[in-house]
Amino acid sequence: MEESKKKKLIVGGTVAAVLLLVILVAFWIGQMISIGVKNRRIEELTAQIAEYERIIATSNDALEVYRSQAWLEQAAWLLELYGYDDDIYLPGGDA
C-alpha cells in the first residue's frame, strides 16, 4: 500500500471513531436525562401514595358509611340501577 492510502485509512478510521464516540456520548446524556425525569416522577408518585394512604387511614369511618347497605341502595336508585325484584316507583305515575 502506498503511504497516502495508509494515511487516508488512518484519518478515516479516526474520524469514524470520533463520530461514533460523539453519538454514544449524546445517547448517554439523553438516557441520563430520561432516568432523571423518571426518578422525579417516581418520587412524585411515592409522595402521592403516602398522601392517599394517610387519607385512607384517617377516613375509615366515612368508608364504612359509604359501604353501608342504605348508602348503596340510595346510590343505585340515583343511578337508576334497579335489581331484578326491585319495586320501581315512578313519581306521579304507576309502576
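This text follows the structure it describes.
Given the structure is predicted, the values throughout are model-derived calculations rather than measurements.

## Let's talk about the overall build of the protein
Thought 1: Summing up its helical and strand segments, the protein has 3 helices and 0 strands in all.
Thought 2: Each helix and strand of the protein, placed in order from N terminus to C terminus, yields the pattern α-α-α.
Thought 3: Looking at the protein residue by residue over its 95 residues, the buried ones come to 0%.
Thought 4: Total accessible area on the protein stands at roughly 9000 Å², and carbon and sulfur atoms take up 65% of it.

## Thoughts on the pattern of salt bridges
Thought 1: Taken as a whole, this structure holds 2 salt bridges when the rule is applied.
Thought 2: Residues Glu-44 and Arg-41 are paired through a salt bridge, measuring 3.6 Å at the closest nitrogen-oxygen approach. In this pair, Glu-44 and Arg-41 both sit in helix 1 (residues 3-58), 3 residues apart, roughly one turn of the helix.
Thought 3: For Glu-44, a relative accessible area of 41% translates into the label partly exposed.
Thought 4: Note that Glu-51 is salt-bridged to Arg-54, the shortest N-O span being 2.6 Å. Pair noted here: Glu-51 and Arg-54 are both in helix 1, with a separation of 3 residues, about one helical turn.
Thought 5: Take Arg-54: its relative accessible area is 46%, and that puts it in the partly exposed class.

How each quantity is defined
Numbering of residues begins from 1 in every chain and follows the order in which that chain's sequence is written. It should be noted that, the model being predicted, local features are given only for residues of pLDDT at least 70 and side-chain atom pairs only at 80 or more, the latter also being counted only at that level, while totals for whole chains, interfaces and linings use all residues. Side-chain measures here rest on the full set of heavy atoms in the structure, leaving out hydrogens and waters. Strands are runs of DSSP state E lasting at least 2 residues, helices are runs of H or I lasting at least 4, and numbering of each runs from the N terminus. When a residue's accessible area, from a 1.4 Å probe over protein chains only, is under 20% of the maximum for its type it is buried; when over 50% it is exposed; and in between it is partly exposed. Every accessible area reported is derived by Shrake-Rupley at a probe size of 1.4 Å, with residue values counting cover from the shown protein chains alone. Just to be clear on terms, a salt bridge is a Lys or Arg side-chain nitrogen sitting within 4 Å of an Asp or Glu carboxyl oxygen.

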